Amino acid sequence: MDLFFIIIISVISLGAVFAIIRFIKGPTASDRVMALDTLSVMLIAVLVILGFLMKRYIYIDVSLVYAVLGFIGVITIARYLEGGI
Amino acid sequence: MQEFLTYSIYGTAFFLMLLGLYAVLMKKNLVKIVIGLTVLDSGLNLLFVAVGYISGGTAPIFSPAVVGKHVIMTDPVPQALVLTAIVIGFGVTAVALALVVRLYRKHNTTNIDEIKNLKW
Amino acid sequence: MNYIGYFLISIGTIFLFLGGLGILRMPDFYTRLQAGTKASTLGAMSSILGIGFLQPEWFIKTFIIVVFIAIANPLSSHALARGSHKAKQMPFLKDEKIGDAYEAVEEKLHKNQKKEDKK
Amino acid sequence: MTNIEIILTIVSLVLLIIAGFFAVLKKDLIHAVVATSVISLVLSLMFYLLQAPDVALTEAAIGIALSTIIFIITVRNTKRFEDK
């Protein structure tokens, strides 16, 4: 079971490394914002899995806050690119 | 491995602090200076929390999972300090950005070299 | 119950990995955006539900997280795509004759709106 | 620390250094603001790994939502590019 979760976390980290490479390369601002969005969704999943491994119920609250508030920054930057605000 | 990880966290925190200090001292743009302040804040918070960490410990929060058992807990004092420091850092950032907007409306530039007279 | 949980976590991990790979490999911005959004949303929802199956006392809170992800993540991606289109970021086209379909539809909607206003 | 935490710590430390360089050195201020947001995101994961979930919660709420909003409003009221 421990080996299973090590493999899970490693594969998700590899996906996160690809998103980081896009964050470094990305030519426009939109690419970087998209990499930030994907990283935050990956982080929510990783935080829930870590909370399961640490056996504490309180740790789930952090990812709940991420799921509620994480999209406000992306929407603000998108409205700026559109010319609004 | 544990010691190496601890020292690498300290090194990263000091590196972030030095990077923020470089931005505060050397950059000419006002918004960039505020961003440097934010980066410096982040490094300082990371250093404080890493100092209070004990290997194998759990969070200092009482819940049914830890009541009545023999567990190791990390130091709660740096965490409380950092919790206050994050909120105060946000207040400092908000005031500094408001001053940047006022300076831009007065002088029509954000370059710090072109703002010469101190009187508004 | 445990096997359902492990199966869901495996599926979610594979989709999260494919989302990262799609972000790196796709040719232009809009295809990258759809890879990053759809794959990573399904992956995160599936793996969080898997944790809920593994630990049945936590199922309600994990279900709330899944509902919030399903609301928030497509919303932010839609706003990002709309903003980038308004900022004149063009997709990668093989032949240039296709043109901008979204712009034409929006002009048509605008005209209809004006007609209704006149009435 | 277990093996999983070692993997996540190394990845997040590398990402912290990269995002710090981006936040300080980029000429386009929108890119710098996005890099600041990434720093806040990864810092929240670091607090979580160092067993401080309340600090991670505060950092998530302030760094992701509020800080980005006030930076974007400032950039919109001033200039976007940093002149040399």
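To keep things clear, this report deals only with the structure shown in the data block. In this text, all values refer to a predicted model and were calculated from it rather than measured experimentally. (Residues numbered from 1 in each chain as written. Chains lettered and ligands numbered in written order. Predicted model: local features only at pLDDT ≥ 70, side-chain atom pairs only at ≥ 80, totals over all residues. Heavy atoms only, no water.)

### Here we look at empty space enclosed by the protein
One simple way to see leftover space: roll a probe sized like a water molecule over the atoms.
Thinking step 1. Under the defined criterion, the tally for this structure stands at five cavities of 30 Å³ or more.
Thinking step 2. Here the largest cavity is characterised by a volume of approximately 270 Å³.
Thinking step 3. Forming the boundary of the largest cavity are 22 residues, of which B:Thr38, B:Ser42, D:Glu59, D:Gly63 and D:Ser67 lie nearest the centre.
Thinking step 4. Secondary structure elements with two or more residues in the lining of the largest cavity: α2 (30-51) and α3 (76-107) of chain B together with α2 (29-49) and α3 (53-77) of chain D.
Thinking step 5. Here the lining of the largest cavity is built from residues that sort into nine nonpolar, 11 polar and two charged.
Thinking step 6. The computed volume of the second largest cavity comes to approximately 220 Å³.
Thinking step 7. At the level of elements, α1 (2-25) and α2 (29-54) of chain A together with α1 (3-25) and α2 of chain D are the ones that each hand at least two residues to the lining of the second largest cavity.
Thinking step 8. Across the lining of the second largest cavity, the residue classes tally to 13 nonpolar, two polar and no charged. (1 Å grid on protein atoms, 1.4 Å probe; cavity = no way out; pocket = protein on both sides within 12 Å on 5 of 7 lines; lining within 4 Å. Points joined across faces, edges and corners; volume = space filled by probe spheres on them. Helix = DSSP H or I, 4+ residues; strand = E, 2+ residues; numbered from the N terminus. Nonpolar A, V, L, I, M, F, W, Y, C, P; charged D, E, K, R; others polar.)

### A look at the layout of surface pockets
Thinking step 1. In this structure, the largest pocket occupies an estimated 350 Å³ of space.
Thinking step 2. Along the walls of the largest pocket sit 19 residues, with A:Leu53, A:Met54, B:Gly57, D:Glu5 and D:Gln51 positioned nearest its centre.
Thinking step 3. Where the lining of the largest pocket is concerned, the elements lending two or more residues are α2 of chain A together with α1 of chain D.
Thinking step 4. Element by element, the count of residues in the lining of the largest pocket is highest for α2(A), at three residues.
Thinking step 5. Classifying every residue of the lining of the largest pocket gives 10 nonpolar, five polar and four charged.

### Topic: the packing of aromatic side chains
Thinking step 1. Summed over all chains, the structure comprises 13 aromatic pairs over all chains.
Thinking step 2. Ring geometry for A:Phe4 against A:Phe5: centres 5.4 Å apart, planes inclined by 75 degrees, an arrangement best described as edge-to-face.
Thinking step 3. Among the residues examined, A:Phe4 registers a relative accessible area of 25% and is labelled partly exposed.
Thinking step 4. Taking the centre distance of 5.8 Å and the plane angle of 45 degrees together, the rings of A:Tyr57 and C:Trp58 count as tilted. With A:Tyr57 in the loop between α2 and α3 (60-82) and C:Trp58 in the loop between α2 (29-54) and α3 (59-86), this pair bridges two chains.
Thinking step 5. Among the residues examined, C:Trp58 registers a relative accessible area of 6% and is labelled buried.
Thinking step 6. Its guanidinium or amino end placed over the ring of A:Phe52, A:Lys55 lies 4.6 Å from that ring's centre, counting from NZ or CZ. (Phe/Tyr/Trp six-rings, centres within 6.5 Å; stacked < 30°, edge-to-face > 60°. Buried < 20%, exposed > 50% of the residue type's maximum accessible area, 1.4 Å probe, protein only. Lys NZ or Arg CZ within 6 Å of the ring centre and 35° of its normal.)

### As for α2(D)
Residue and element names in this part refer to chain D.
Thinking step 1. Relative to the 30 Å expected for 21 residues at 1.5 Å per residue, α2 spans 31 Å between its end C-alpha atoms, a close match to the ideal helical length.
Thinking step 2. For α2, the tally of buried residues reaches 21 of 21 residues, placing the bulk of the element in the interior.
Thinking step 3. In this structure Asp28 caps α2, since a side-chain oxygen of it lies 3.3 Å from the backbone nitrogen of Ile30.
Thinking step 4. Of the residues flanking the end of α2, it is Gln51, one or two places downstream, whose phi is positive at about 65 degrees. (Expected span 1.5 Å × (residues − 1). Polar contact = N/O pair within 3.5 Å; in protein donor to acceptor, adjacent residues only side chain to side chain.)

### Considerations on the interface of chain B and chain D
Thinking step 1. Contacts between the two partners involve 46 residues from chain B and, on the opposite side, 41 residues from chain D.
Thinking step 2. Each partner contributes to the roughly 4000 Å² buried at the junction of chain B and chain D, and carbon and sulfur atoms together form 77% of this total.
Thinking step 3. Viewed at the interface, chain D and chain B are joined by zero salt bridges.
Thinking step 4. Counting the contacts that link chain B with chain D gives three residue pairs in polar contact (both at pLDDT 80 or more).
Thinking step 5. Those elements that provide at least two residues to the side of chain B that touches chain D are α1 (2-26), α2 and α3 of chain B.
Thinking step 6. The greatest single-element share of the side of chain B that touches chain D, amounting to 13 residues, is contributed by α3(B). (Contact = heavy atoms within 4.5 Å. Buried area = accessible area lost by both parts, 1.4 Å probe. Salt bridge = Lys/Arg side-chain N within 4 Å of Asp/Glu carboxyl O.)

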